[in-house]
Amino acid sequence: MPNIEDIIESGLSGSNIFKRLEVLAPEHVPSRLPHREEKIKELTLAFRDLLSNLGLTSIRVVVSGPTGTGKTVTTKTFGNTFKSRLKDRGVKMEYIHLNCHKQRTLYLLTMEIASSLKLPIPVRGLSTQEAFRIIHDYLEKRNIYAIITLDEFDYFVNASSQEDVYFLVRLYDELSSATRRISYIFVMRDEQNISTLDRGIRDHIMRNLIYFNPYTSLELRDILADRVEDAFQPNVVPEETLNFIAELYGSDKGGSGNARLAIETLEMAGKLAEVKNSALVLPEHVKEAFSKINKEASEIVDEISYLELHPLIILKALINLHNRLKTDSIPIGRLEKEYSDICTELGEEPRRHTQIYEYVKRMRLMGILETRQSGRGMRGRTTLISLTVPVTPEFETLITKKMRMRLDNREEPV
Ligand SMILES: Nc1ncnc2c1ncn2[C@@H]1O[C@H](COP(=O)(O)OP(=O)(O)OP(=O)(O)O)[C@@H](O)[C@H]1O
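What counts, and at which threshold
Residues numbered from 1 in each chain as written. Predicted model: local features only at pLDDT ≥ 70, side-chain atom pairs only at ≥ 80, totals over all residues. Heavy atoms only, no water. Near = heavy atom within 4 Å. Polar contact = N/O pair within 3.5 Å; in protein donor to acceptor, adjacent residues only side chain to side chain. Areas by Shrake-Rupley, 256 points an atom, 1.4 Å probe, with all protein chains shown as cover. Helix = DSSP H or I, 4+ residues; strand = E, 2+ residues; numbered from the N terminus. Nonpolar A, V, L, I, M, F, W, Y, C, P; charged D, E, K, R; others polar. Domains from an automatic or database assignment. Phe/Tyr/Trp six-rings, centres within 6.5 Å; stacked < 30°, edge-to-face > 60°. Buried < 20%, exposed > 50% of the residue type's maximum accessible area, 1.4 Å probe, protein only. Lys NZ or Arg CZ within 6 Å of the ring centre and 35° of its normal. Pairing = 2+ DSSP bridges. Axes fitted to C-alpha atoms, helices over the stretch in contact; angles between N-to-C directions. Contact = heavy atoms within 4.5 Å.

Draft legend 1. Expanded view of the site of the ligand. Around the ligand, the structure places 21 residues, and the nearest of them are T67, K71, T72, R189 and Y215. Residue T69 places a main-chain N or O atom 3.0 Å away from an oxygen atom belonging to the ligand. Residue T72 places a side-chain N or O atom 2.7 Å away from an oxygen atom belonging to the ligand. The fraction of the free accessible surface of the ligand (630 Å²) that becomes covered by protein chains is 95%. Mapped onto the shell around the ligand, the elements with two or more residues apiece are α3 (71–88), α10 (217–231) and α12 (259–275). Split by residue class, the shell around the ligand holds 10 nonpolar, 6 polar and 5 charged. In this structure, the shell around the ligand is formed jointly by two domains, domain 1 (15–26 + 215–293) and domain 2 (37–211), each of which donates at least three residues.

Here's what the structure looks like:
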């Protein structure tokens, strides 16, 4: 057994595993974005008009996709690089990235825009409209253009009044200004959240939609390889370990396609290897890290215990279709049909479409389901629904058991 002084001494003498741990932090912006180059191109093309029609146009782009698909890092990288390219062309542009989860009201967002521009604005006594007018006048006076990204815009849409959303989106109708200086990128997990808005606003926002797919295992492998090179000592993460993580999360292998979780797993595996004095980060460290990180999945299972009968039937319908169609994403129409077939079997009156939609929405907020719009080509656009947890036999048994309990009235939902 080494003595305690030696343990502390070796811990202090630097890491044999990590070179630059900060590269694995969620806010780190890497110099390359493998497999998002095309999205940067799409954003550039969407904003190209800004340059050719300087001051005449205000652009709106929606970036949407499931969690961890690189929406934030890609828009930030685009915004900052675009800014410097415009500077080379003699155009002053500011890129402002705001998070609607942090700044939850229109007023707070406005204050944050002012503070990003280092514009002193009296904190009290101004309406949002007045504050926006000051911001606009400031840009006008200095001949500056701005791209404002509203990240996690879903929160804003769900928490704000239609008027506030309207104000933001149709800003130039409100300001009735001749020069258009502000453009927006709306970043959303689920563009369906927009469907609750007025048609006018919806159409205005949805003109340019850029969708981010969950990453496949090969894509994740490339993203992880870059991080390994920058964050780890040479040759401590074998190829096999890298592939193992990529396959755990790759969407083609039934994973969520979430780069954040893949990077977090890599970091935790490295830390476990270090604690265990291993010279290499091995798949066994990844397995342990994976189960620690995915204990969140077991929290979802806890949530399911509280569901009423009909949401449980919806989950059962999803499982059936998942097994039958061998796909994770189920069109809502098929889900409703399967749901109503199960109801008939059980002698239960099926709920109506709007109520089913409410259940789906609630389970999405609980983190049990994810929804997204299908691309074109599936006979029009439709909502696709998928479970966030893997469909294991244990999961199936849990749902069936809970359904029985509700049917037998053996346990009232809380
Ligand atoms: N193509 C990529 N190359 C390198 N790193 C990436 C890439 N895509 C995502 N990442 C990294 O994965 C993590 C998650 O990415 P990001 O926060 O941009 O996802 P997101 O889609 O905005 O997620 P959320 O919806 O949860 O906010 C970040 O650490 C980011 O740097």
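Having seen the model, we can carry on.
Draft legend 2. Inspection of the packing of aromatic side chains at higher detail. Under the criterion given, the structure shown has 9 aromatic pairs. With 4.6 Å between their ring centres and 40° between their planes, F153 and F186 make a pair best called tilted. In this pair, F153 sits in helix α6 (residues 153–159) while F186 sits in strand β4 (residues 182–188), placing the two residues 33 residues apart along the sequence. The pair F153 / F186 is uniform in exposure class, with both members buried. Three or more aromatic residues joined by ring pairs make a cluster, and in this case those are F153, F156, Y184 and F186. Its end group placed over the ring of Y145, R181 keeps NZ or CZ at 4.6 Å from the ring centre.

Draft legend 3. Inspection of the sheet that holds strand β3 (residues 144–151) at higher detail. Within the open sheet, the 5 strands sit side by side as β2-β3-β4-β1-β5. Their pairing is parallel. The two strands at the open ends of the sheet, each matched to only one other strand, are β2 (92–99) and β5 (209–211). When strand polarity is set aside, the average angle formed by the axes of neighbouring strands in this sheet is 15°. In the sheet, β2 pairs with β3 via 8 bridges, with the strands oriented parallel. Residue I96 lies in a different strand from β3, and its bridge partner there is I148. Those strands touched by helix α2 (residues 37–52) are β1 (60–64), β3, β4 and β5, and its axis lies near 155° from that of β4. With respect to the sheet, α3 is in contact with β1, β2, β3 and β4, its orientation differing from that of β2 by roughly 165°.

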